[in-house]
Amino acid sequence: MSKGFDVRRQTGFNTIALTCFVLLYLPIILLVAYSFNAGDSIAIWEGFSWRWYVSAWENEQVQEATLRSVILACSSSLVATSAAVLAALATTRTKPWRGQTLVFAMVNQPLMVPEIVTAVALLIVFAAVKQATGYTGLLYLVLAHSAFCIPFAYMPVRARLQGMDLDLERAAADLYGSPVQVFRRITLPQLWPGILAGAMLAFVISLDDVVITEFVKSAGQDTLPTYMLGQIRRVITPEINAISTALLAISILMVITFFFLNRTRK
Amino acid sequence: MTDLSTIRSRRETRDRWLLLTPALVILTLAAMGPLLIVVIYSFLTPGDYGGVEWQFSWTSWFNVVAERDFFTEELKLADAHLTVLWRSVKLSLLTVILSFLVGFPTAYFIATRPAHKRDMWMLLIMIPFWTNLLIRTFAIMQLIRNHGTINMILLGLGIVDEPVQMLYTEFSLLVGMTYVYLPLMILPVYASMERLDFNLVEAGYDLYATRFQVLRRVIFPLVKPGVVAGSILVFVPCLGAYVTPRVLGGGKQLMLGNLIDLQFGQLRNWPLGAALSLTLLAVVMVALVFYVRAIGREGESDV
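Small disclaimer: the values here were computed from a predicted structure and weren't measured.

K.L.:
Would you take a moment to explain the overall build of chain A for this structure?
P.N.:
In terms of regular secondary structure, chain A is built from 11 helices and zero strands. Each helix and strand of chain A, placed in order from N terminus to C terminus, yields the pattern α-α-α-α-α-α-α-α-α-α-α. Its C-alpha radius of gyration of 23 Å places chain A more than 25% over the 18 Å reference for a compact globule of 266 residues. In terms of overall dimensions, chain A has a C-alpha envelope of 80 × 70 × 30 Å along the principal axes. Partitioning the intrachain contacts of chain A with sequence separation of at least 6 by distance along the chain shows that 79% fall at a separation of at least 24.

Dropping the structure here:
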């Protein structure tokens, strides 16, 4: 075989791959770029300006939706992560047990069932509950978001638990640590990165959700994504780009943090 | 001795279910339970102003594929639904093919980078995936609108005289869905490619195979489980897509998700909406069974 023959090379693959990376980022970069446009258009560049960020900031509907999104994402990720940590503790590092498959199916159900199906299912149930009780507050959304965030919070916690050995906890128990002490002093400190990663993932998933929120929300209960979806029927200004950019920044920051939290484990 | 261990295991079981309670309650209330109610609703009669009448009926399931003529009582296929169903399946399959054509070489590219750099390349693929789906769809929309970036460039260069209509076509859905779901193809394909033994590739070349033959006869069969897994991972969310067809199809190119939405909104036929949802769910479940099998097969080839 001739010298310099690279067995790994495949004709054209590098070009396709690099094009793929460019195409993956180009639309997002343009979207971000036009959020700084001084003009009213999302296609013609008229110079740099912060005006759309200012106008988004001062838009009362946006303020309200942002606040609602943040409250919703915080509370659902808190609820989902707490439930997921307990569930992970119950289902990891044990022998096979009865009902295991059913529990795994339930925990992962939100990942398997198409969002639109869950959305209409919740619409049906919550519409009936709303009519019966008259309550139309934010709790429906908190409950719905908590449910679909559970598998996302569960996965990193479970992965972390699987990587931990039981010896430390056994040793602590041998030294007369009570189960609560062992959990607080030994298990929890080791588990933190997993919990944090799970909570962040749940936060981002909740913050970004459109479909389920759209069907569950009561009138006037827009979150940022549903507000944006409502805007597409109107004339689009770079204000939408400005909001998108802010949301993107949060998600990207969280994902990168998540990536490094998960990596240090290795 | 045996008593002690049964007590202990009984306590373990009790603790386990106690710990699982919060998660299971939430999931029952807001995931599993409502799904069972959808099943019930699909067998009820639609109410006049949305909602349902509590009267058993097969009509909604029947209406998924057929309808009875209002005047002549004649049976015929439900063209409107079948068009949407067909479009959903067709566009999902096309998205799978396009994702494969782009994703396979990309996964190969990443898998052939030095080991310490692969994670970074994969992070680059995953970052867009974890950002808001709606925003990514917006980004595509702004590119292909009539007054969007692409048309501005084409007009500016004088290649076309008037904007090319790309938005609100099936083409825009195909591009949009490939864009948003591509990482789901790359991830599993890369996972199987990373473990590819390049000695086998080298052996292929030693036996005078061309690059394409090696690709087709050596590499592809070895990573096929990953490709199957990736195809299903792309197919499933495409079939149930709602946001992308709503934004890029603009009500003209309905997909199954939008048809379901319509039944609960303007058309006020909740039972039909429920039956359509369960049809979608059934197809997705079948696809996921194949997915689990593909993953399992890959696990076996590991050993």
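K.L.:
Just to check I follow, could you spell out the overall build of chain B for this structure?
P.N.:
Within chain B, the secondary structure is distributed over 12 helices and four strands. At 25 Å, chain B has a C-alpha radius of gyration far larger than the 19 Å of a compact globule built from 303 residues. With the C-alpha coordinates aligned to their principal axes, the bounding extent of chain B is approximately 90 × 70 × 35 Å. Sorting the 303 residues of chain B into buried and exposed places 45% on the buried side. Nonlocal contacts in chain B, meaning residues at least 24 apart in sequence, comprise 68% of its contacts between residues at least 6 apart.

K.L.:
Explain the confidence of the model for chain B here, please?
P.N.:
Within chain B, residue pLDDT values average 89, and 96% of them lie at 70 or more. Reported confidences for the modelled complex are a pTM of 0.90 and an ipTM of 0.89.

K.L.:
Explain the interface of chain A and chain B here, please?
P.N.:
How big an interface is tends to be stated in terms of the accessible area lost upon association of its parts. Facing the 66 residues of chain A at the interface are 63 residues of chain B. Secondary-structure elements contributing two or more residues to the side of chain A that touches chain B are α1 (13–34), α3 (60–91), α4 (100–112), α5 (115–133), α6 (139–163), α8 (179–208), α10 (224–231) and α11 (238–263) of chain A. With 11 residues, the single largest contributor to the side of chain A that touches chain B is α1(A).

K.L.:
Honestly, the nonpolar core in this entry has me stumped. Any pointers?
P.N.:
In summary, soluble globular proteins display a tendency toward joint burial of nonpolar side chains. Ranked by internal contacts, the top residues of the largest apolar core, which has 155 residues, are A:A84, A:V120, A:L122, A:I150 and A:A153. Both of domain 1 (1–39) and domain 2 (80–302) of chain B provide at least three residues apiece to this core. With residues up to four places along the chain from it excluded, the contact list for A:L122 reads A:A144, A:I212, A:F215, A:V216, B:A30 and B:P34.

K.L.:
Teacher, can you tell me more about the environment of A:A127 here?
P.N.:
All names here are of chain A. In this structure, A127 sits in helix α5. Take A127: there are 18 C-beta atoms within 10 Å of it, and that puts it in the partly exposed class. With 106 residues separating them along the chain, A127 and F21 place their C-alpha atoms 44 Å apart.

K.L.:
Looking at this model, I keep getting lost on the packing of helix α3 (residues 79–111) of chain B against helix α7 (residues 170–194) of chain B. Mind explaining?
P.N.:
A packed helix pair is summarised by two numbers, namely the angle formed by the two axes and the spacing between the axes. Residues and elements named next belong to chain B. Look at α3 against α7: their axes get within 6 Å of each other, and the N-to-C directions meet at 40°. Taken together, the axes of α3 and α7 are oblique relative to one another. For the pair α3 and α7, the crossing hand works out as right-handed. Here the contact of α3 with α7 is built from residues that sort into 20 nonpolar, five polar and two charged.

K.L.:
Would you mind showing me how to read α8(A) here?
P.N.:
Given 3.6 residues per turn, any residue in an α-helix points the same way as the ones three and four places further on. Here α8(A) contains 30 residues, and its C-alpha end-to-end distance of 38 Å is more than 12% below the 44 Å for a straight helix at 1.5 Å per residue. At A:L188, α8(A) shows its strongest bend, of approximately 50°, with the proline A:P189 following within four residues.

K.L.:
How should I be thinking about α3(A) in this particular structure?
P.N.:
For α3(A), spanning 32 residues, the distance from its first C-alpha to its last is 45 Å, which sits close to the expected 46 Å at 1.5 Å a residue. Following α3(A) by one or two positions, A:R93 adopts a phi angle in the positive range, close to 60°.

K.L.:
Quick question: what am I supposed to make of unusual backbone geometry here?
P.N.:
A negative phi angle characterises most non-glycine residues, just as the trans form characterises most peptide bonds. In this structure, A:Y176 takes a positive phi of about 65° despite not being glycine. Within the fold, A:Y176 resides in the loop between α7 (167–174) and α8. Positive phi is not limited to glycine here, since B:Y208 has a value of about 65°. Examined against the element boundaries, B:Y208 turns out to sit in the loop between α8 (198–206) and α9 (211–239).

K.L.:
Hey, could you run me through the environment of A:A172 in this one?
P.N.:
Residues and elements named next belong to chain A. Mapped onto the elements, A172 comes out in helix α7. Residues A172 and I186, 14 residues apart in the sequence, show an inter-C-alpha distance of 7.7 Å. Apart from the residues lying within four places of it in its own chain, the contact partners of A172 are G177, V182, R185 and I186.

What counts and what doesn't
- Residues numbered from 1 in each chain as written.
- Chains lettered and ligands numbered in written order.
- Predicted model: local features only at pLDDT ≥ 70, side-chain atom pairs only at ≥ 80, totals over all residues.
- Helix = DSSP H or I, 4+ residues; strand = E, 2+ residues; numbered from the N terminus.
- Rg over C-alpha atoms; globule rule 2.2 N^0.38 Å.
- Contact = placed C-beta atoms within 7 Å.
- Buried ≥ 20, exposed ≤ 12 C-beta atoms within 10 Å, placed from the backbone.
- pLDDT = per-residue confidence, 0-100.
- Core = buried A, V, L, I, M, F, W, Y, C linked by C-beta atoms within 7 Å.
- Domains from an automatic or database assignment.
- Axes fitted to C-alpha atoms, helices over the stretch in contact; angles between N-to-C directions.
- Parallel < 35°, antiparallel > 145°, perpendicular 65-115°, else oblique.
- Left-handed = near helix turned anticlockwise from the far one by under 90°.
- Nonpolar A, V, L, I, M, F, W, Y, C, P; charged D, E, K, R; others polar.
- Expected span 1.5 Å × (residues − 1).
- Bend = angle between axes of the 7 residues up to and from the residue.

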